[in-house]
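Here is how the chains run, residue by residue.
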Amino acid sequence: MVEQLKCLIQFQILEDKKARLIRSCAETPLRIAELMKEFEEFEAEYRSRKAEYEHAKKMHRSLEQEIVDLENKIRRSKQRMGEVKTNKEYQAILKEIEELQKEKSRREDGTLEFMDRIESLSHELKVAEAEIEQRRKKLEEDKRALEIEKEKLDSRLEKIESIQARVRARLDPEILRRSESLMKKQAGIAVAPVENGVCKVCHLNIPPQKFIELQRDEKIHQCPHCHRFIYWPGHEAYCIHEEDLEDL
Ligand SMILES: [Zn+2]
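Predicted model only: the values in this text are computed from it and were never measured.

### Observations regarding the overall build of the protein
Then, number 1: Counting secondary structure elements, the protein contains four helices and four strands.
Then, number 2: Taking 18 Å as the expected radius of gyration for a compact globule of 248 residues, we find that the protein reaches 41 Å, considerably beyond that expectation.
Then, number 3: In the protein, which comprises 248 residues, the share counted as buried stands at 13%.
Then, number 4: At a minimum sequence separation of 6, the contacts of the protein that also span at least 24 residues come to 74%.

### Some thoughts on the domain arrangement of the protein
Then, number 1: According to the domain assignment, the protein consists of domain 1 (3–170) and domain 2 (173–245).
Then, number 2: Computed from C-alpha coordinates alone, the two centres of domain 1 and domain 2 are separated by 58 Å.
Then, number 3: In terms of residue count, the dominant contributor to the side of domain 1 that touches domain 2 is helix α1 (residues 3–81) (13 residues).
Then, number 4: For the side of domain 1 that touches domain 2, the class distribution of residues is eight nonpolar, three polar and four charged.

### Some details on the pairing of strand β1 (residues 191–195)
Then, number 1: Sheet analysis places β1 next to strand β4 (residues 229–231), joined by three bridges and oriented parallel. Opposite V191, over in β4, you have F229 as the bridge partner.
Then, number 2: For β1 and strand β2 (residues 198–199), the ladder comprises two bridges, and the chain directions are antiparallel. Residue pairing across strands places V194 opposite C199, the latter belonging to β2.
Then, number 3: In textbook terms, the turn of a hairpin is the stretch between consecutive antiparallel strands, and for β1 and β2 this stretch comprises two residues, one of which, N196, has a positive phi near 50°.

### As for the packing of α1 against helix α3 (residues 173–185)
Angle between the axes and distance between the axes: these two values describe a pair of packed helices.
Then, number 1: Relative to each other, α1 and α3 sit at 35°, their axes nearing to 11 Å. Handedness of the crossing formed by α1 with α3: right-handed. Mapping the contact onto sequence places Q4, L8, F11 and E15 in α1 and I175, S179 and M183 in α3.

### Things to note about α1
Then, number 1: Taking 1.5 Å of rise per residue, 79 residues should cover 117 Å, and α1 covers 117 Å from first to last C-alpha, within 8% of that figure.
Then, number 2: Along its length, α1 reaches its greatest deviation from straightness, about 25°, at T28, and the proline P29 lies no more than four positions downstream.

### Examining the packing of α1 against helix α2 (residues 87–170)
Then, number 1: Between α1 and α2, the shortest axis-to-axis distance is 5 Å and the interhelical angle comes to 165°. The orientation of α1 relative to α2 falls into the category roughly antiparallel. In the packing of α1 onto α2, the handedness of the crossing is left-handed.
Then, number 2: Across the contact of α1 with α2, the residue classes tally to 38 nonpolar, ten polar and 31 charged.

### Quick look at unusual backbone geometry
Then, number 1: Of note, H203 is a non-glycine position whose phi angle comes to about 65°, a positive value.
Then, number 2: Within the secondary structure, H203 is located in the loop between β2 and α4 (208–216).
Then, number 3: One non-glycine residue, D217, adopts positive backbone phi at about 60°.
Then, number 4: With respect to the helices and strands, the residue D217 is situated in the loop between α4 and β3 (221–222).

### Structural notes on the nonpolar core
Then, number 1: Counting 22 residues, the largest nonpolar core has L8, V191 and I230 as the members making the most contacts within it.
Then, number 2: When residues of this core are traced back to their parent elements, those giving at least two are α1, α2, β1 and β4.
Then, number 3: Broken down by element, the residue count for this core peaks at seven residues, all from α1.
Then, number 4: When sequence neighbours within four positions are dropped, the list of residues in contact with L8 reads I175, S179, A190, V191 and F229.

### As for the sheet that holds β2
Then, number 1: Here four strands make up an open sheet; going across it, the order is β2-β1-β4-β3 and the pairing mixed. At either end of the open sheet lies a strand with only one pairing partner, and these are β2 and β3.
Then, number 2: Lying on the sheet, α1 is in contact with β1 and β4; it crosses β4 at an angle near 105°.

### Remarks on the environment of M115
Then, number 1: Mapped onto the elements, M115 comes out in helix α2.
Then, number 2: On the neighbour-count criterion, M115 (14 C-beta atoms within 10 Å) is partly exposed.
Then, number 3: Along the sequence, M115 and A33 sit 82 residues apart, while their C-alpha atoms lie 39 Å from each other.

### Topic: the environment of S181
Then, number 1: Note on placement: S181 falls in helix α3.
Then, number 2: Separated by 107 residues in sequence, S181 and I74 place their C-alpha atoms 94 Å apart.

What counts, and where the lines are drawn
- Residues numbered from 1 in each chain as written.
- Predicted model: local features only at pLDDT ≥ 70, side-chain atom pairs only at ≥ 80, totals over all residues.
- Helix = DSSP H or I, 4+ residues; strand = E, 2+ residues; numbered from the N terminus.
- Rg over C-alpha atoms; globule rule 2.2 N^0.38 Å.
- Buried ≥ 20, exposed ≤ 12 C-beta atoms within 10 Å, placed from the backbone.
- Contact = placed C-beta atoms within 7 Å.
- Domains from an automatic or database assignment.
- Nonpolar A, V, L, I, M, F, W, Y, C, P; charged D, E, K, R; others polar.
- Pairing = 2+ DSSP bridges.
- Axes fitted to C-alpha atoms, helices over the stretch in contact; angles between N-to-C directions.
- Left-handed = near helix turned anticlockwise from the far one by under 90°.
- Expected span 1.5 Å × (residues − 1).
- Bend = angle between axes of the 7 residues up to and from the residue.
- Parallel < 35°, antiparallel > 145°, perpendicular 65-115°, else oblique.
- Core = buried A, V, L, I, M, F, W, Y, C linked by C-beta atoms within 7 Å.

Right, here's the structure in full:
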């Protein structure tokens with residue numbers, strides 16, 4: 001086993017884990033924002049219903065005022081009936097009163113419609129208010145749960161970083177430099193297994209002679225195509241699992 005190669009594999013596994021944790025951490029504020037957006041949409045719908053309710057109440061009040069005004073006009077017209085001199089004038093006032101009564105009746109129908117609307121909206125609003133309270137509570141709970149999850153992820157990340165620092169300290173500075181440069185240039189992957197003579201990351205064949213040398217396991221090799229460090233997983237020492245790294 002080439003100790004430095006084993007360290008490189010460990011370093012890579014930790015790097016992958018770190019990247020996954022960083023991605024998960026970044027998701028938390030997005031998920032919280034999504035939950036808040038959902039809540040705010042519901043609240044906005046409630047506010048628009050509430051505005052409709054206020055409008056219906058206003059319309060109802062103004063129709064009632066119009067009815068009072070029409071009743072006053074009718075009363076004044078009736079008073080004028082006693083003062084008319086001719087039948088023609090009398091007929092005209094009768095006609096006027098009839099029109100005013102019709103107007104009043106239309107307004108009365110209108111107030112009934114608004115009263116129905118006000119009643120049903122008032123019921124809807126009560127239901128929505130209860131739901132908003134429920135949703136607000138749920139939102140706070142979900143936010144808290146996500147924050148706790150985030151704290152766990154953060155401390156996990158810290159742990160991984162400290163393990164990685166120990167592995168880094170064991171790596172030869174030149175190999176570490178090459179590994180970090182490969183990670184930067186090659187999509188975050190600096191080490192690749194080679195199986196059946198094929199680099200499992202770039203999927204190209206390595207020359208048979210190089211594959212034989214790789215299996216001999218005497219020194220560190222690189223893929224001639226993607227230049228990543230390569231290893232043969234047939235050597236058990238290089239088959240490392242994430243959980244094996246916990247005690248490093
Ligand atoms: Zn390759």
